[in-house]
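A structural walkthrough
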Amino acid sequence: MNKSSIMDKDYSSEDFLNSFDLEKFLHTIKRSLIWVVLFFVIALSSAFLYVRYTKPLYESQSLLKLDIQSEATSLGLGSAMASNALNNMSGEIELLKSKLFFSKVLDVVDMNVSYHFYGRYLTDERYKNSPFVVSYKLHNADYYNRPFDIELISSTEFQLTYPGAENGSVHSFGEEIKTKEFNLLIEKTENFKFPEVKGTYFFTINSEDALIRYLQRNVRVTPENLNARTIKISLTDHNKYKARDLVMAIDTLYLDHTKQAKNQTIDQKINFLNSQIDETENKIEEFEEYFEGFIIDNRTTNYQNEISKTIVLLNSLDTTEAQLENELTELELLLEQIESEGILSVNPLIKSQVPEIIGTYLAAYQTLYAEREEKLQSYNENTYVIKRLNTQLNTQKDKFGEILSSYTEALEKRLMSLKSRKSVLERSFSNMPSMSTAYNKNRRFYSLQENFLLNLTRSKMELEITKAGTVTNFVVLSPASLPSDPIEPKTVLIYAGAFAGALFLSIFFILVKYLLNDRITSLRELEHLFSVPILGTLPKYRLEKLTATKMVINQSSKSSLSEALRTIRTNMEFLNGTKPNRVITITSTISGEGKTFVAVNLGAIMAFSNQKVCIVDLDMRKPKVHLAFGNNIFPKGMSTLLIGKDQLDDCIMHSEVENLDYIPAGPLPPNPSELILNDEYRQLLEELKNRYDLVILDTPPVGLVTDAVLSMKMSDLQFYIVRADYSKRSFSKSVDNLKKINRFSNLTVIFNSLNTGSKSYGYGYGYGYGYYDDSK
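Keep in mind that what you see is a predicted model, and the values were worked out from it rather than measured.

The subject of this paragraph is the sheet that holds strand 20 (residues 717-723). Reading across from one edge, 14-21-20-15-19-16-18-17 is the order of the eight strands in this open sheet, with mixed pairing throughout. Two strands lie at the open edges of the sheet, namely strand 14 (534-539) and strand 17 (653-654), each paired on one side alone. Strand direction decides the pairing type here: strand 15 (residues 583-588) and strand 19 (residues 694-698), joined by four bridges, are parallel. If you follow Ile584 over to strand 19, its bridge partner there is Ile696. Against the sheet, helix 16 (residues 595-608) touches strand 14, strand 15, strand 16 (613-617), strand 18 (660-663), strand 19, strand 20 and strand 21 (747-754), its axis set at about 170° to strand 19. Docked against the sheet, helix 21 (residues 679-691) engages strand 15, strand 16, strand 18 and strand 19, running at close to 140° with respect to strand 19.

This is the structure in structure tokens:
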């Protein structure tokens, strides 16, 4: 590959990336939402119907290990019994799949009669939960594997219908049904609860060959791990309990096939261990009772902490005892001083320790005694004053003595109680080390017994494991499982597939729709496609559905459309500079892009600014200007004016808007293009320019006819209308060719009917303008 081809490839990739319009893609998604929802609804509904009406299929599995030799030992007393190894795994697999083995399985399972219930759409097998049971004796083998229908009529009767019988017959439960082909006895089971079980059932008497074929068809025996010699047995059925029971029966029968006698030595060891375990458990219970009583009596198990607390308490009691004895000594001395009738000498510390009443009496006594001593210096002892003081002193002394005696007795009792408590603590303190020693000793014995019991239990478990390992030569590593979820239909996978399919189809649909959508949808896409300037954008008119073009602007309008037109009016002043814009040509590629709508409403906006405006309808093949003003087609107009049939004043029509006139197209001429090419058309434009400030030419679409090109050459500004979600992307080539060939310098594009919900309309160069709301 040369350098040029590589550059072309890179350019194509870059061009593709640049051409991708995210806004258009999102717009395509928005418009395709109903299809996306429909795809998802159809896909998920289909998945739901498939899951709902597909009978679930369950699979039960078990895992077996072949040729297991147990070499486990316990208590050092020998090893388990060993059996002959089966080295040929394929032979064991064939044995499990053989008709002989399946016939033995059928001998131990009850599958001679299968019971089913007719549902609305599916049949349900009533495995071990049938409301009735059938006992039979067939005289004709043709009735094997054929359905017998039973309709439960009441709690005592049913209707039996079977192959060969034209009409059903009514029978009672427990009644023997005798025919030349069979004898049947149908009885109720514990699951019979009428009317809950009311409905139609059928049962099938299965032959042994049919059951063997069923097992061969649904049982799979596969090697799981050749090195570990493990095989997996699986069975699929619509009833999960039936699948589990059949796999369990296969496992049991296969293990019973190689069962050996139990090991008596191991049983004796287990019995001895059981006796030792019982004895040890009794001892442990005795220790536990001792610990419970010890905690109840002593309220502790931590004697080190209790000893510390007792020492602190004894020290506190000794201090309190010394204080009490000192206080008693001082009080006895005080009593002796009171008896001696002398002045009282009291220790100041005692005053702070005794009750307040004693201090009061002490102060009163000392005051009287001091007063008496003072009076004796002036009076005789036999005087009345001294005798009165002596009487008061004796009375005070008696009361004070009684209070001191009572308080002393209380202190003595408190001291005796304290000494008694101290004695108890001292005795308890002396016993604490021995009690702690006994408790710790019993705790050690208890731990020993626990360890001994643990060892005995472990030894017993090892022996039981050994015994279990030596019962058979084959071990079930994983027993038959009860499946909780069906293997078919895979609900999650089906829904996921349906969701993925709907998602893929939606993405594919959106991409195809995006790629096939060649219409211009956004301003960004328009700017990317067109090389000419964009004069402005007009929002989509939503106030009413227009069946025909119409002037929707009034002088007081503040809608988004009117503001967008005012923006275009402002932008027009920048195109020609100081040169006045006298003639404007408005065209489009095809009909329906809104050129007449833009011409009429833009003319109204210009007329509101006090400019005299005339709109000329040059689309003589499909005129619409007169419809915008609410008028019918006129017999006079541009076609009659250009052929000289009518005068200009006769063809000018006045609208309801001041300063806004228009000239209709007139009758359809056979040669519209030739009429525009003559000199009369040029003279007409010159006369209109003299009469009006602005002349707007509504020309035919340039993509259909070439009439507009001459008018565009004779105008000051050329407006090309592109309608959102209507104009095609290929129209940009027409605009480019139009500008390139005719060298139009003032050719601009107006983007009409833009959905403002996706992008705001602008001043013309991408600036948003969304201040005003649409007013009704």
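Let us now look at the sheet that holds strand 10 (residues 200-205). Reading across the sheet, the six strands line up as 3-2-10-5-6-7 and stay open at both edges, with antiparallel pairing between neighbours. The outermost strands of the open sheet, each flanked by one partner alone, are strand 3 (123-125) and strand 7 (169-172). Averaged over all adjacent pairs, the angle separating strand axes in this sheet is 30°, with direction ignored. Relative to strand 10, strand 5 (residues 147-152) runs antiparallel, the two being bridged by five bridges. From the neighbouring strand, Ile150 faces strand 10, where its bridge partner is Tyr201.

In the structure shown here, the tally under the stated rule is 24 aromatic pairs. Ring geometry for Tyr162 against Phe182: centres 5.0 Å apart, planes inclined by 85°, an arrangement best described as edge-to-face. Taken together, the residues Tyr162 in the loop between strand 6 (157-161) and strand 7 and Phe182 in strand 9 (residues 182-188) connect sequence positions 20 residues apart. The residues Tyr162 and Phe182 share a single accessibility class, namely buried. Ring pairing ties together the aromatic residues Tyr143, Phe148, Tyr162, Phe182 and Phe203, which thus form one cluster. Positioned above the aromatic ring of Tyr143 is the side chain of Arg146, whose terminal nitrogen or guanidinium carbon lies 5.5 Å from the ring centre. If you follow Lys612 out to its NZ or CZ, it ends over the ring of Tyr692, 5.4 Å from the centre.

With that settled, the discussion passes to the confidence of the model for the chain. For the chain, per-residue confidence averages 79 on the pLDDT scale, and 82% of positions sit at 70 or higher. For the chain, per-element mean pLDDT is lowest for helix 1 (residues 3-19), which scores 42, and highest for strand 10, which scores 94. Note that pLDDT drops below 50 for residues 68-86; the model gives that stretch 38 contacts with residues more than four away or on any other chain.

What follows is about the pattern of salt bridges. Scanning the model with the defined rule gives 13 salt bridges in all. The shortest N-O distance in the salt bridge between Arg244 and Asp245 comes to 2.9 Å. The class for Arg244 is partly exposed, based on a relative accessible area of 22%. Between Glu563 and Arg566 there is a salt bridge; the shortest N-O distance is 2.9 Å. In this pair, Glu563 and Arg566 both sit in helix 15 (residues 560-572), three residues apart, roughly one turn of the helix. According to the relative accessible area criterion, Glu563 is buried, its value standing at 8%. Each of Glu125, Asp237 and Lys242 takes part in salt bridges that share partners, so that together they form one network.

About the cut-offs
Residues numbered from 1 in each chain as written. Predicted model: local features only at pLDDT ≥ 70, side-chain atom pairs only at ≥ 80, totals over all residues. Heavy atoms only, no water. Pairing = 2+ DSSP bridges. Helix = DSSP H or I, 4+ residues; strand = E, 2+ residues; numbered from the N terminus. Contact = heavy atoms within 4.5 Å. Axes fitted to C-alpha atoms, helices over the stretch in contact; angles between N-to-C directions. Phe/Tyr/Trp six-rings, centres within 6.5 Å; stacked < 30°, edge-to-face > 60°. Buried < 20%, exposed > 50% of the residue type's maximum accessible area, 1.4 Å probe, protein only. Lys NZ or Arg CZ within 6 Å of the ring centre and 35° of its normal. pLDDT = per-residue confidence, 0-100. Salt bridge = Lys/Arg side-chain N within 4 Å of Asp/Glu carboxyl O.

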